[in-house]
Amino acid sequence: MFLKHKRFFAVLSLLSMVLQPMAAAAHPAQYSYFKIIPGLVVTDSAVAPPDPVATAQLSLSTTALSYGSVRVGVSAAQTVVVTNTGSATMSVSDIRVEDATNFNSSSTCGPSLAQAASCVITVSFTPSTTGPLESRLHLMTSATGNSSFVSLMGDGLQGLALFSLNSLTFLAQDVFTTSTAQNVTVTNNGTAPLVISGVSVDFGVSDFNQSNNCLAPIAIGMSCAIAVAMTPSVAGSLAGRVLVANDGSGGAGIITLGGTGMPGRLAMPASLEVGTSTIGTAVQQTLTVSNGGAGSLAMTVPNEAAITTNPTEFSFVSTTCTAVVAASSTCAVVVQFTPTATGIRAGVITVNGIAVVLTGTGTQGVISLAPSSAALTFEARQAGTTSPVKQFTVQNLGTGKLTFNNVSITTGAANYSSTTNCTSLNPAQSCTISVAFSPTTAGPLQGVLTFQHDGQGATTATLSGTGQAPSVSLPSPAVTATQTNTSSQFTAILTNTGIDTIAVTPPSAGSVTGARFSFISTTCGASLAAGATCNTLMQFTPSDTVAQTGTLAIATGAGVVTANLSATGVDASVQLAITANTSNYSLKTAAGNPTVAKDYVVTIAPGVIVTGAPAFTTVGMPVGSKLTIINNGAIIGTGGEGGSVYTIVYYVNQLGYGGGNAIETTLITFINNTGYIFGGGGGGGSYKGGDSSSGFNGGKGGGGGAGAGAGGWGYSGNGVPGTTGITGVGGLGSGSAGKGGEYGQPGSGSSGGTGGPAGKAVVHNLSVTWLAGNTGTQVKGAQ
């Protein structure tokens, strides 16, 4: 190691003598490089030249930006890309433009820019004036040279408004009239389109107005027009100004305005006679207003408030005057006078501050009535009739006109009516009012006739009369029972039993109600004399046997009178009746052994009992017949006999006999049951004894119809028969024999002897329809 070190220092010493340094200016880096003298050989490999120093290098995408022509106030932007092409990070210390008024910059560059990185600088050109504009963009960096710049160039353009006139003077003009318009031409003498943002009269707006076509931007060298007119609102000298706001280099334009307004002069009479009128009646007159001046006249349009004195009797009606009255023209104001008292009346109307006295004369009529008692009395009348008319005579005894506003019956309008030719009466004239009496009810009837007029106000007269009750009769006619689907006719008689002829509305089809009643004809006319009669012929056509009702109503002068109608249809079927107790009823026998099918109705009267086994039968009736049973009584099957021991040697035990059926039908049957239908009770079974002396007869079955047999018989005695009737009970067997059954119930058994079965309430082979009474208390026994 020591030897090596010695060799190293020896080489360095030698190098210091033979190496000559190069000029630093040729290498701007911070390092010095040496040139080796030719012929010198360095043999120690441990010595090498130093590495080069890293540096930043600035590169710009362009060194000049040209924006061309740009309108003043409008911005245009371009960009410059900055790149570090060196080997070291580049610092960026400042970016700025020299002319900050017309140019502006922004960038994405930070305080440093890495090797090979880029950023963008955006430069905007917004000219504030016209003509060529130049500037430079400066960049301060750590790159070689430490700064750089970009040239900036552009031209500013702007419109220029040139006015053909800067002032307008108008000839003298009547107040509130409009002059002929004068025009000002605006021409764009600039280097860019001219935008006019507003044209307005900003001074003298009440006297001047403008219109224009300066809407779209005005191209270079082109024009638009502004028209100005004067409408004086006052008399005298007038001044104004039109302001034209634009973006031209000359700024807002001003057009001064001047002119003169000519005045008008109001003329009216000092007084006006409106006229003469009856108290409460209006009369009208016209007040003429004139403008005698050289110019138009402004005025307050008259209205109700123009009547400044006595607005009760004088009033404003209408006017043709407007807010402006042209020179040498007139307008009218219509006023009205409605006197509230007689004599001369006065008022005042004020128009545009000028008072005009209004006068009028009030008059009044005086009414006279005949008869002077102011009362009319009518003879008695039957209600619904009208009396001959009676009249009042009305006369005007005053000096003024008498006008009737209304003549009417104010009390008793239902019984009195009036007609009149009274509308208005001049002094000494007369008219009449006719009144008729038409009583609506009986008894004294009062009324009041009232005259509404402009004389002394309202005048009344009393009316009196007596109404008599009408006497009209319309008894309900007798209508006979009619077979279904056939018709019968009957007559109703209307009689006027009063003392006067009475009005009648002849009856028609609509006068009759009830589905089975119809109108045929009538002898009744439009009236019916006292004591007279008229007839109305009607018809009854039943479709079934249900009771039918209806009415006949006839309108008369006394009101509507009504007759009640009632009738019943009779069925076309065969009608049979059972009116006494009977047994084993046969419909075939009762109908006389028919051979042709018909409908049959059998009615059993209340309290009647039909018994048997069966009690009621249809056996043998023609096929196709129908049966309706209307049972108001009782149909009861006979009770069965009790069983009995009838052989002594064999001790045979016999069963109870069955009860009889109540109804056995072979027809389609309808039953309307308001009574009772019971099957007979079964007979009781007999008792079986151990020898010939121990057998007992069974008891008889449940109670049958009238004439039921005794209980069963046997060696040891008979049973007790069951009782008959609606509340019958089963018979008792002797000894230990069974008991007879109740209606529709089987008999009870014994030791070896069974009770007989119950009879049925209804036995049928077609159909049975119950119309009523199919309840557990009214029907007993199976069906």
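All of these numbers come straight from a predicted model, not from anything done at the bench.

The rules behind these values
- Note that residues are indexed from 1 along each chain, following the sequence as it is written.
- This being a predicted model, a pLDDT of at least 70 is required before a residue's local features are given, and a value of 80 or more before pairs of side-chain atoms are given or counted; all residues contribute to the totals for chains, interfaces and linings.
- Excluded from the side-chain calculations are hydrogens and water; all other atoms, namely the structure's heavy atoms, are used.
- Labels follow the DSSP assignment, with helices taken as runs of H or I lasting at least four residues and strands as runs of E lasting at least two, numbered in each case from the N terminus.
- The cut-offs for exposure are 20% and 50% of the maximum accessible area for each residue type, with area from a 1.4 Å probe on protein chains only; residues under the lower value are buried, those over the upper are exposed, and the others partly exposed.
- Should any heavy atoms of two residues lie within 4.5 Å, those residues are considered in contact.
- Two rings from Phe, Tyr or Trp (for Trp, the six-membered ring) form a pair when their centres sit within 6.5 Å of each other. Planes less than 30 degrees apart are called stacked, planes more than 60 degrees apart edge-to-face, and all others tilted.
- At least two DSSP bridges between two strands are needed for those strands to be called paired.
- Only the contacting stretch of a helix is used when fitting its axis, a line to C-alpha atoms as for every element, and angles between N-to-C directions run 0 to 180 degrees.
- Under the rule applied, a polar contact is a pair of N or O atoms within 3.5 Å (in protein, one hydrogen donor and one hydrogen acceptor; residues adjacent in sequence only if both atoms are side-chain atoms).
- Put simply, a disulfide is two cysteine sulfurs that come within 2.5 Å.
- Known as pLDDT, the predictor's per-residue confidence is scaled from 0 to 100.

Undergrad: I'd love a proper account of the overall build of the protein chain, names of residues and values included.
TA: For the protein chain, the count of helices and strands is 2 helices and 63 strands. Counting over 783 residues, the protein chain shows a buried share of 39%. Here the analysis covers contacts within the protein chain between residues at least 6 apart in sequence; of these, 67% occur between residues at least 24 apart.

Undergrad: So what's going on with the environment of Val472? Which residues, and what values?
TA: Position of Val472 relative to the elements: it lies in strand β41 (residues 472-473). Distance in space between the C-alpha atoms of Val472 and Asn496 is 4.6 Å, their sequence separation being 24 residues.

Undergrad: Requested: an account of the packing of aromatic side chains, with residues and values cited.
TA: Going through the model one piece at a time under the given rule, you end up with 13 aromatic pairs. When the centroid spacing of 5.8 Å and the interplanar angle of 45° are considered together, the rings of Phe170 and Phe208 count as tilted. Pair noted here: Phe170 is in the loop between β13 (167-169) and β14 (173-174) and Phe208 is in strand β17 (residues 208-212), with a separation of 38 residues, a long-range link. Side by side, Phe170 and Phe208 carry an identical accessibility label, which is buried. An angle of 20° between the planes, with centres 4.9 Å apart, marks the rings of Phe314 and Phe337 as stacked. Of the two residues, Phe314 is situated in strand β26 (residues 314-319) and Phe337 in strand β28 (residues 330-337); the sequence distance between them amounts to 23 residues. Connected via pairs of aromatic rings, a cluster forms that spans Tyr67, Phe103 and Phe125.

Undergrad: Pulling in residues and values, what's your account of the pairing of strand β55 (residues 609-617)?
TA: For β55, the tally of buried residues reaches 7 of 9 residues, placing the bulk of the element in the interior. In this structure, strand β53 (residues 582-586) lies alongside β55, joined through 4 bridges in parallel fashion. Counted as the bridge partner of Tyr585 is Phe616 from β55. Relative to strand β57 (residues 634-637), β55 is paired through 4 bridges, and the arrangement is parallel. When the bridges of β57 are listed, Thr611 appears paired with Ile636. Sheet topology places β55 next to strand β58 (residues 663-665); 2 bridges connect them, and they run parallel. Pairing of Phe616 across the sheet is with Ile663, part of β58.

Undergrad: Describe in detail the sheet that holds strand β15 (residues 182-188), supporting the description with residues and values.
TA: Across the sheet, which stays open at both edges, the 4 strands sit in the order β12-β15-β18-β17 with antiparallel pairing between neighbours. Two strands lie at the open edges of the sheet, namely β12 (161-163) and β17, each paired on one side alone. Ignoring which end each strand starts from, the neighbouring axes of this sheet average 25° apart. Here β17 runs beside strand β18 (residues 223-230); their pairing, made up of 5 bridges, is antiparallel. Note on β18: the bridge partner recorded for Phe208 is Met230.

Undergrad: Break down unusual backbone geometry for me, with residues and values.
TA: Geometrically, the link from Ala370 to Pro371 is a cis peptide bond, its omega value of 5° lying close to zero. The topology assignment puts Pro371 in the loop between β31 (367-370) and β32 (375-377). Along the chain, Ala613 connects to Pro614 via a cis peptide bond; the corresponding omega equals 0°. One can find Pro614 in strand β55.

Undergrad: Now, about the sheet that holds β28: what can you tell me, with residues and values included?
TA: One open sheet holds the 4 strands; their spatial order is β21-β23-β28-β26, and the pairing between them is antiparallel. For this open sheet the edge positions go to β21 (266-267) and β26, each flanked by a neighbour on one side alone. Where β26 lies against β28, 5 bridges are found, and the strand directions are antiparallel. For Phe316, the partnering residue across the bridge sits in β28 and is Val335.

Undergrad: Report on the environment of Asn661, specifying residues and quantitative values.
TA: Topologically, Asn661 is positioned in the loop between β57 and β58. With a relative accessible area of 18%, Asn661 lands in the buried category. Between the C-alpha atoms of Asn661 and Gln783, which are 122 residues apart in sequence, the distance is 9.8 Å. Leaving out residues up to four positions away in the same chain, Asn661 has contacts with Gly612, Ala613, Pro614, Ala615, Gly637, Gly759, Lys760 and Val763. A polar atom in the side chain of Asn661 sits 2.7 Å from the side chain of Glu664.

Undergrad: I'd like a description of the pairing of strand β56 (residues 626-631), backed by residues and values.
TA: Pairing of strand β54 (residues 599-604) with β56 involves 6 bridges; the strand directions are parallel. Residue pairing in the sheet places Asp599 in a bridge with Lys626 of β56. Sheet topology note: the β56/strand β59 (residues 668-673) ladder contains 6 bridges and is parallel. Looking at the pairing, Leu627 lines up with Thr669 of β59.

Undergrad: Explain the state of the cysteines to me, using residue names and the numbers behind them.
TA: Working definition: the covalent bond between the sulfur atoms of two cysteines is a disulfide. The final tally for this structure, using the stated rule, is 5 disulfides. In this model Cys422 forms its disulfide with Cys431; the gap between the sulfur atoms is 1.8 Å. The sign of the S-S torsion, about 105°, decides the handedness of the disulfide formed by Cys422 and Cys431: right-handed. Through a disulfide, Cys524 is tied to Cys534; the S-S separation comes to 1.9 Å.

Undergrad: Help me get a handle on the confidence of the model for the protein chain, residues and values and all.
TA: In the predicted model, the protein chain carries a mean pLDDT of 83, and 86% of its residues have values of at least 70. For the stretch residues 647-651, pLDDT sits under 50, and the model shows 9 contacts to residues farther than four places along the chain or on other chains. A low-confidence stretch, residues 690-716 stays under pLDDT 50, and its non-local contacts, those more than four residues away or across chains, total 141 contacts.

Undergrad: Tell me about the side chain of Asn188, and name the residues and values.
TA: Along the chain, Asn188 turns up in strand β15. Looking at Asn188, its side chain comes within polar contact range of the main-chain oxygen of Ile218, at 2.9 Å. For Asn188, the side chain forms a polar contact with the main-chain oxygen of Ala219, separated by 3.4 Å. Non-local contacts of Asn188, meaning those with residues more than four positions away in its chain, are made with Gly159, Leu160, Pro193, Leu194, Ile218, Ala219, Ile220, Gly221 and Met222.

Undergrad: Could you give an account of the environment of Leu266, with specific residues and numbers?
TA: Within the secondary structure, Leu266 is located in strand β21. When the C-alpha atoms of Leu266 and Ile354 are compared, they prove to be 8.9 Å apart, with 88 residues separating the residues in sequence. Ignoring anything within four residues of it in the chain, the contact list for Leu266 reads Val289, Ser290, Leu297, Val351, Asn352 and Ile354.

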